[in-house]
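A closer look at the structure
Spelled out, the chains give:
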Amino acid sequence: MSADTTPDIVLTLEIDDPALADRLATLLGSVAGLRLAAPGETAIATIVARDPRVMPEDIALTQRELDVLALMAEGASNKMIARQLNISVHTVKFHVGSLLDKLDATGRTDAVAHAARRGVIEL
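Bear in mind that the values here come from a model prediction, so they are computed numbers and not experimental data.

Scoring rules and cut-offs
- Residues numbered from 1 in each chain as written.
- Predicted model: local features only at pLDDT ≥ 70, side-chain atom pairs only at ≥ 80, totals over all residues.
- Heavy atoms only, no water.
- Core = buried A, V, L, I, M, F, W, Y, C linked by side-chain atoms within 4.5 Å.
- Buried < 20%, exposed > 50% of the residue type's maximum accessible area, 1.4 Å probe, protein only.
- Helix = DSSP H or I, 4+ residues; strand = E, 2+ residues; numbered from the N terminus.
- Contact = heavy atoms within 4.5 Å.
- Expected span 1.5 Å × (residues − 1).
- Arc of directions from axis to C-beta.

1. Some points on the nonpolar core
Counting 21 residues, the largest nonpolar core has Leu 69, Met 72, Ile 81, Leu 103 and Val 120 as the members making the most contacts within it. Element by element, the count of residues in this core is highest for helix 2 (residues 63–73), at five residues. Among residues more than four places away in sequence, those in contact with Leu 103 are Ile 59, Leu 69, Ala 111, His 114 and Ala 115.

Following this line, the structure appears as structure tokens:
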């Protein structure tokens, strides 16, 4: 506990980069009222930093779906996506439908929002 008897805020770190995790742990260790959780200890908050190039395990998108999703995020229509990727509009619609299913989205905008929230793409 801190000197003023206020309970410390207990944090855990879930960071893919070991150097960043060590640096952050050192910085947080010097902040009054904060401490890192011991192994097995329950924390009230977790700081998470994932490598953006690594796809979340529960979402398995193909490279082509990622290409379509990136263009959707830019606001491209099906026709524009088809031209950009040199595929048919029908194929684009197929990929969009697959993305909606895999991301549990109700529409194109929702799919992009879900993907961004889950770290599949960066906006």
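2. Observations concerning helix 4 (residues 89–102)
Between its first and last C-alpha, helix 4 extends 20 Å over 14 residues, near the 20 Å set by a 1.5 Å rise per residue. Buried residues of helix 4: Val 92, His 95, Val 96, Ser 98 and Leu 99, and no others. Take helix 4 and look down its axis: the buried residues cluster within an arc of 160 degrees, on one side only. Opposite its buried face, helix 4 presents the exposed residues His 90, Lys 93, Phe 94 and Asp 101, each directed more than 90 degrees away. In this fold, the buried residues of helix 4 make contact with helix 2, helix 3 (78–85) and helix 5 (108–117). Following helix 4 by one or two positions, Asp 104 has its phi on the positive side, about 55 degrees.

Honestly, that's just the spatial picture; any functional story needs more than this.
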